[in-house]
Every structure is written in C-alpha cells, then in structure tokens.
Amino acid sequence: MDERREDGRPGDVDWRERRGADPSESREAPGGPPTEERQEPLHPAIEDDAEETRRLAETWAAPTGFVGWFTPVNQRIIGRRFIVTAFVYFVLAGLLGVAMRLQLAVPENDLLAPDIYNQFFTVHGTAMMFLFAIPVLEGFALFVVPMMIGTRDMAFPRLNAFGYYVYLIGSAIFFLMLVVGMAPKAGWFNYVPLAGKLYEPGIGVDIWTTMITFIEVSALTAAVELIVTILKLRAPGMTLNRMPVFVWASLVMAFMIVFAMPAIIVASSLLILDRLVGTGFFVPEMGGDPLLWQHLFWFFGHPEVYIVLVPALGIVSTIVTTFTQRSLFGYTAIVISIVATGFVSFGLWVHHMFATGLPHLGMSFFMAASAMIAIPNGVQVFCWIATMWGSRIRLATPMLYVLGFFWVFVMGGLTGVMVASIPFDLQVHDTYFLVAHFHYVLIGGSVMPVIGALYYWYPQLTGRMMNEVAGKISFALVFVGFNVAFFPMHQLGLDGMPRRVYTYLEESGWGDLNLLATIGAVVLAAGFATTMVNALASLRWGAKARRNPWDAETLEWATESPPPPYNHRHIPIVKSREPVWDWREMKERPVVTGLRSDRREVVVTSILDAEPQAVQVLPAPTIWPFLSAVAASVGFIGILFHPIFFVVSFFLAFFSFVGWFWPRRPWQED
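Residues numbered from 1 in each chain as written. Predicted model: local features only at pLDDT ≥ 70, side-chain atom pairs only at ≥ 80, totals over all residues. Heavy atoms only, no water.

Regarding its fold elements, the protein chain presents 20 helices and six strands. Computed over the C-alpha atoms, the radius of gyration of the protein chain is 25 Å, within 12% of the 26 Å expected from 2.2 N^0.38 for a compact globule of 670 residues. Viewed in the frame of its principal axes, the protein chain has a C-alpha envelope of about 75 × 65 × 50 Å. Within the protein chain, buried positions represent 60% of all 670 residues. If you take every contact in the protein chain between residues at least 6 apart in sequence, the share linking residues at least 24 apart comes to 81%. Just so you have it, the protein chain exposes about 25,700 Å², and 69% of that area is on carbon and sulfur atoms. (Helix = DSSP H or I, 4+ residues; strand = E, 2+ residues; numbered from the N terminus. Rg over C-alpha atoms; globule rule 2.2 N^0.38 Å. Buried < 20%, exposed > 50% of the residue type's maximum accessible area, 1.4 Å probe, protein only. Contact = heavy atoms within 4.5 Å. Areas by Shrake-Rupley, 256 points an atom, 1.4 Å probe, with all protein chains shown as cover.)

Further remarks concern the environment of glycine 445. By the element assignment, glycine 445 lies in helix 15 (residues 432–462). Ignoring sequence-local partners within four residues, the contact set of glycine 445 consists of Leu309, Ala312, Phe405, Phe409 and Tyr440.

Let's shift gears to the pattern of salt bridges. Using the criterion set out here, one finds 13 salt bridges in the structure. Across the pair arginine 54 and glutamate 58 runs a salt bridge whose closest N-O atoms are separated by 2.9 Å. Taken together, the residues span about one helical turn, with arginine 54 and glutamate 58 both in helix 2 (residues 50–60) at a distance of four residues. Taking relative accessible area as the criterion, arginine 54 reaches 40% and is therefore assigned partly exposed. The salt bridge involving aspartate 551 is made with arginine 584; its shortest N-O contact spans 2.7 Å. Here arginine 584 lies in helix 18 (residues 579–586) and aspartate 551 lies in the loop between helix 17 (511–541) and strand 3 (571–572), a separation of 33 residues in the sequence. Take aspartate 551: its relative accessible area is 2%, and that puts it in the buried class. Counted as one network, the salt bridges with shared partners bring together Glu51, Glu52, Arg54, Arg55 and Glu58. (Salt bridge = Lys/Arg side-chain N within 4 Å of Asp/Glu carboxyl O.)

Here's what the structure looks like:
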C-alpha cells in the first residue's frame, strides 16, 4: 500500500541550491563531440556516503531468481519488459506481413489458402496496433519519463506491474490462437455482420473481443500511472513550461488512452454479448444497427492513430534537440500543437465511414476536421526545420531515422488530406491507396521514431551502445525498402485493386506493381532484422556506454548508463528546460537532500509549479500484482467456455487484492 506524508513539514524535504543566478531558458548549447571531462560536472557537488549509497541501492533493488522475476515493481524493469515484449510481437506480426506480400507477389498465387490469409491479415493488423504500437510507446514512457522528470519510480508501482502481466497473458493467448488455427479472420476492425455468429461461427472473434478488452485494461493502468506521475512527482522546479516535450507527449497520450479506450471496451463487450448471450446490439432484425459498431470502433480507432503518433512526435523533438545541440525552436508552439492534435483527433472518426450513407451535413463537418488536423502537425514540422536550420547536425543513427520520418510522415500526411475529401475518399475507398496511406502514417509517424528511440535510449536500457555501422545499414534498408514496398500501392489503389483480397486475376494488370511491392517488403524486413540482430549482439559485444553518450540535455542522462536502481542518487532541482547543459556550464547542480535511504521515498510536488509538498513512501516488490493478473485472466478467458469462471475469477481477484493492499509494517514506524 502506498503511504504519503501530507503534513509537508519544512524538515521533510531539505533542498539547497548550489548556484545563485537563473540560467537562460532558451539559448544555444556549445556543439562539438562530447568528452568525458564534460560529464564530470553532472555529479552533484556534495560528498556521497558510500554506506548510504549502498543502503539506497539495496532498498530499491529488484528481487532475483525465478520467483523474483514475478515480483519487481520498479519502473525501469517494467518499462523494459514492455519494450522487449512489444518488439517480439513486432517481429512476429512483421513475418505475417511478409507472408501476405509473398502471397500477393504474383497473380492467382496459392502459397496461402484464403482462410489462412484472412487469419494472417487479421492477426497482423491486431498485433501491430494493440500488441506493438501502444505497448512499445508506453514502455518507453514508463522507462524514460520518471528519470526525465527526476523521480525514482512511478506513482503506483504495483499497478504498473499488474498492467504488464495483463498485457503479457492476454497477448500470448491471442497469438496462441493463430498457432492452433483458431485465430479471428474478420479483420483487425472486426466489422459486423461479418464478425457476427452467422458468418464467424468459430471461437476466433470471441478470443479477439475478450483479449482486446483485457489488454486495454493494461493500457489504461499505464495511462493512469503516467498522468499521476507526471503531474505529481516531477523534480522541484520543473514547472509545466519546463517539462521536456517527450513528457508532454506522454501526458497527452495518456489522457487520450483514458478517453478513447472505453469506446473499444464497450464495443467489444456488446459484440461478445451478441455472440455468446444472443443480444442484438448489431443485428438489424433484432432492432440493432451495424453502424453502431463502426461508430464505437472508430471513435477509438482514429484517436489510436494519434495515440501512437503523439509520443513519437515527442521522440522526434528530443532527438532533434540532442543531435543539433540547440534549444528546440518554438517550444510553446510544439506543446500547443501536441495538445491540439490530441483534442482534434477525437473529431475525425467519421471519415472512415464516408461510404456508409451518413447525412452530408454531418460528413462535411468531419471532412473539415480531418483536414484541420494537418495544421498542428505542420507547425511541428516547421519548428523542427527551424531548429535544424544552420546547425551542425550529428548524423548518428537516431537522427537518420528522424530524417527518414520527415519524408515518410509528410507523404502520409499529404495523402491523409486527400482522403479527408469526401469525393476523393469515395473514389479510393477500400482500395490499396488506403493501405499505402496508413502505412506511410503509421510506419513513418511511429515505427521510424520508435527505432530511432531504441538506438537513442539503448545505453540507458542496457549500459551499452548499439553498433553505428549496422544502424546506418539498417536505416538505408528500411528507408529504401519501405518506399519500394508501399509507394506502388498508391497506383494499385488508383488502378482499382481492392484491399483485403488474397489473390487477383492476371488480366487485372496488377502483377508487376505487386511484385515490386513484395521485393520492397523483403528489403524492409531485412532492415528491421538488422536492427534486431544489432540490438541482441550489442547486449554482449556492444561498447560500454559512458554517462550521457549523446551529450543530451534532459535528466534521464544525468545518471549513469544504465541507471542504478534508485535512478538519481540525489533528486535534482530544475531551473530550465535544459538542466544538464546548464550544469555542464555552471560546473555544479542543485539537489534535494533529506530523503531516507532505508525505504522507497519520492518527493511529491505541486501540479503547476512543482513546489515540494510531501514525501511519498512507495511499496516494495511483491508477487500480488502477478497473482491478480492471473486471477483476472481466469475470468476473461474462462467466460468463453462457461459463466462459472466469472464467479471463480471474482473470488480469486478479491483475495489477491486483499493480499495486494494488506497494510505493511513500515507504516507503523512513520
């Protein structure tokens, strides 16, 4: 159970400043290659007691051993597990995509049977959106944000661990259905009546609805964690207008998840009721409406595109600042643009339904909103260009992926404005033009920044550097392969090739472009494989990372690589948006002292100005979040076979929560 001392006595948090004057909040930092000498001032100018440091490390350490694997609650371990698990699904879903492209390489190919092809493309889309895109970005946020805001863990560490186990169990069961040939095959959007019992009598859609609902519980827990942590656990002095852009982006993403995910949970619940209980929410003969599914699904589905885009934009801002060694141009404009993107994204969902016969007046509103969202995204692009203009850009692998992002994402944005127009959308509806468009948006807008983030934060994840030569080869393969694979699909769509087909006739004339797209997909897969091999090989043979190897300005680099269990030896005091660059120049840094080393304490600060308010005592590692996730899994999975499992799960979850929240002895000593 979390404990918090609310009296806020002056002696509870004793912080002192090591320098007098405020630094400039917006100025250019010196460029040039980083040196070891520059890293030395990152250490606080106070003498650390070795015994105190050892006790602090012991207090925040994670358990080891087989049982210990199920008990850690530390944000770095949970975040790292999210990232690794998500990349495993990225590889598996990517292999399914390559298999689909091989099937479409030549006309009337029989490599995959129609039923298998439908399962592959349903699992491919579902895995990329639900098992990779959101979890990997949440994983980076869980790993980086606490260090970036200068705290030692998330606000609710056990809830953090619970969310991961829910994600792991739900996603594993979903993919297992493909192995046993029982995967859903109605598409990742599961439109009714195709997903109804009449056309999908198997258990595949049932698994899809229950597991997606289950996995979204994980997304919601991570979102709540991020919101509370960002608003209440920032280092003293880190006011809202000094927060790094990636933290802003993570905060907006978390709020978007809180507002968007309930829609898909409701939709999935109604569909499973239609299938298992015999209700008729989506059955016209019983008074239902199939369009209700599309409204609910896309009210979630379209903001989800921006849920995976917004944190990626934060990654881009972070990398651009570091590799140009300049303050971000238009910080306020970028933050406002990120927030505006989050708001406007909830007003676009009907542009997926222009062909359903909705009233023209209503569709015109959504057409305007769909075009309008290009404005905040365009503002960010111009701010990044202004930041890079005239600077000496360091072309390391993370920056190369950001430069690739510019080309691919802008292309996806331009075609997005095109399909926002109702007349054009009706012409290319359900064609390969849309397949090209959303892959340009999602791979360009999300996957490329994520790969860049992997190279950028790999030193903090593992303590080693990824190989730069392999990284640049990977980027070249990904950039060329992606454009060769997906650019021809624009023309295929304009030629009339429909999406979601497992083959086509030779007389259609689509064979040459499909073969070209398949060659590009193989090259693209080779590029991603190079990065995966690079990441695995660097674990053993990568050069050891030193402190702040990229000479970055944000707080996650103020600690060692990899960070110790407590993240920061001393909680820093922040006076600008680039604290690490300031400390390097001032040769000293202000810190918080007075926190106990024999228990997990963090500083609670005010929402706007990050003024210290209290000390919160965080709970220790425990196995109860894992057991609670298992108990919840019994209900979600078992209800597909018999209602009694819901009752069993209820009591199992009750007892696990009692163990979870059982009072701890240390509270009696406070």
